[in-house]
Amino acid sequence: MKKSLASIVLLLVVILLDLSASTYKWSAKIDKKTAYVNEAILLTYACEFSDASELYTIDFNPVQDNESFSIKLLKESQVLKNSSRVNSYEFIAYVKREGIISFDFDIVMKKTTQESINSTTTGHYDDSKSESFILTPMKQLPLSINIKKTSSKLVGEFTLMVKQDIPKLAPYQPYNLEIQIQGVGNFSSVASVDFIIDGVKIFTQGAVLKTDFTQDGEKGVWSQKFAFVSEKSFVIPEVLIEYFDVKTGTLEMLTSDAVNVSVDKYVHREEDILGIKEKKDYLYKQEYLYYLLIFLVGFLVAKIKLNIPKPPRIEEELFLKSIKETTSLEKLCFLLVNKDAKKYEELISKIESKELTSLKKAKNIVSKN
């Protein structure tokens, strides 16, 4: 019993001596004193050692998402400066409510024991005899910030751009439109755009987000594609997306104008010819008109022959390749609409009504057509 007590006392003395001889120093800073709800906040932590400190490892990972804030790791590094080790960490925090918020995180310094090193190098490690590390729990320096309320969940600096087809179509020809939001901010708060237009079938791909994580938060592009199919002319309403501009401290609006899409019925060539015949021009004989038509037909046939070679086959191969690589019924519908909405109308309808839920089966149907 006395021997056991002596061992415990000795271990405590060793730990205390180790703590008193700590060869590291932590520092912490925050990039601003006030911020808005959902605005990106940069937290920087650094641990500077007096030497290379090979025996130390650091357990520090405050990445989390709770009711007050979310923390994401931006960058972590370890370098040697003048033979001294420096560990640095950068995190981006997003606060979800107004008020004073304090960031106060736990940290554990781990130092490998000499006995553990000896047992590893000799190859006779016995976990029952010794601990591998001396653990030193710590608290990071608390960082506080005043968070101000905003009138929109979407916060940052953004611009809106619309890519679209020429708004003159044949019946059932898809009208393609893409909405892009570019900038810096909390893109996760961008809501999908929904259109409801009477007499128009609307197909959409899920929103796509491409961003890089920066000190100002997420920087990149959010996009959503649409295809509108109709027999008659229609109007796509304007798009309005509000956001809070952190630079001006005001509520702003991203807007796109309404689009009038004109859908014209097919005019048959026979009708064109009849229309020409009805216009009697006595300066020309009737056979001149026939000669002209024969010439035009010959010219068109020649043009068609020039376009017959490989391009259509290549286009079809690319289409089938896209079908093969698509990963969802939603994306498959989008491809079918853009290829030939009328031809694949039945298949599209089955997918929309959930009558067909197998992506593999749908792909097989397309391949056989």
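Thresholds, definitions, all that
- Residues numbered from 1 in each chain as written.
- Predicted model: local features only at pLDDT ≥ 70, side-chain atom pairs only at ≥ 80, totals over all residues.
- Heavy atoms only, no water.
- Helix = DSSP H or I, 4+ residues; strand = E, 2+ residues; numbered from the N terminus.
- Buried < 20%, exposed > 50% of the residue type's maximum accessible area, 1.4 Å probe, protein only.
- Contact = heavy atoms within 4.5 Å.
- Pairing = 2+ DSSP bridges.
- Phe/Tyr/Trp six-rings, centres within 6.5 Å; stacked < 30°, edge-to-face > 60°.
- Salt bridge = Lys/Arg side-chain N within 4 Å of Asp/Glu carboxyl O.
- Arc of directions from axis to C-beta.

## A short note on the overall build of the chain
Counting secondary structure elements, the chain contains eight helices and 21 strands. Out of the 369 residues in the chain, the part that is buried amounts to 34%. Summarising the internal contacts of the chain: among those between residues at least 6 apart in sequence, 69% fall at separations of at least 24.

## Some details on the sheet that holds strand S6 (residues 69–81)
Pairing is antiparallel in the open sheet, where five strands are placed in the order S1-S3-S7-S6-S5. Pairing within the sheet leaves two strands with one partner each, and these edge strands are strand S1 (24–30) and strand S5 (64–65). Taken together, the nine bridges between strand S3 (residues 40–49) and strand S7 (residues 84–95) define a ladder with antiparallel strand orientation. Looking across to S7, one finds that Ile-41 is bridged to Ala-93.

## Concerning the packing of aromatic side chains
Two measures describe an aromatic ring pair: the distance that separates the ring centres and the angle between the ring planes. Summed over the entire model, instances satisfying the criterion amount to 21 aromatic pairs. Ring geometry for Phe-49 versus Tyr-56: centroids 5.6 Å apart, planes at 45 degrees, classification tilted. Judged on exposure class, the residue Phe-49 and its partner Tyr-56 are both buried. Seen in terms of ring centroids, Phe-158 and Tyr-243 are 5.4 Å apart; in terms of plane orientation they differ by 90 degrees. Their pairing is edge-to-face. Here Phe-158, found in strand S12 (residues 155–164), pairs with Tyr-243, found in strand S19 (residues 239–245); they are 85 residues apart in sequence, far enough to count as distant. For the pair formed by Phe-158 and Tyr-243, the shared burial category is buried. One aromatic cluster is present, formed by Trp-26, Tyr-45, Phe-60, Phe-69, Tyr-89, Phe-91, Phe-103 and Phe-105 through successive ring pairs.

## Some words on the sheet that holds strand S13 (residues 168–169)
The sheet built from three strands is open, its strands ordered S13-S21-S18 with mixed pairing. Here the strands that pair on one side only, and so sit at the sheet edges, are S13 and strand S18 (234–236). Here S13 pairs with strand S21 (residues 259–263) via two bridges, running parallel. When the sheet's bridge partners are listed, Lys-168 is paired in S21 with Ser-262.

## Thoughts on the pattern of salt bridges
All told, the structure shown has seven salt bridges when counted by the stated rule. For Lys-201, the salt bridge identified is with Glu-352, shortest N-O distance 3.5 Å. Of this pair, Lys-201 sits in strand S15 (residues 201–204) while Glu-352 sits in helix H7 (residues 345–352), placing them 151 residues apart in sequence. If you follow the salt bridges from partner to partner, you end up with Asp-31, Lys-32 and Glu-39 in one network.

## What about helix H8 (residues 359–368)?
Buried residues of H8: Ala-362, Lys-363 and Val-366, and no others. All buried residues of H8 project into a common sector of 100 degrees when viewed along the axis, lining one side. Exposed and facing more than 90 degrees away from the buried side of H8 are Lys-360, Lys-361 and Lys-368.

## A closer look at the environment of Val-190
Locating Val-190 in the fold gives a position in the loop between strand S14 (175–185) and S15. Separated by 51 residues in sequence, Val-190 and Ile-241 place their C-alpha atoms 8.5 Å apart. Once you skip the residues sitting within four places of it in the chain, Val-190 turns out to touch Leu-154, Ile-181 and Trp-222.

## Brief notes about the pairing of S19
Of all seven residues in S19, five are buried; the element is thus mostly enclosed. Looking at chain direction, S12 and S19 are connected through two bridges and run parallel. Along S19, the bridge assignment pairs Val-155 with Phe-244. Pairing geometry for S19 and strand S20 (residues 250–256), over seven bridges, is antiparallel. Residue pairing across strands places Phe-244 opposite Leu-251, the latter belonging to S20. Hairpin connection of S19 to S20: four residues between the antiparallel strands, including Gly-249 at a positive phi of 70 degrees.

## Things to note about the side chain of Glu-39
Turning to its location among the elements, Glu-39 is positioned in the loop between strand S2 (34–36) and S3. Setting aside chain neighbours within four positions, we find Glu-39 in contact with Lys-32, Ala-93, Tyr-94, Val-155 and Val-246.

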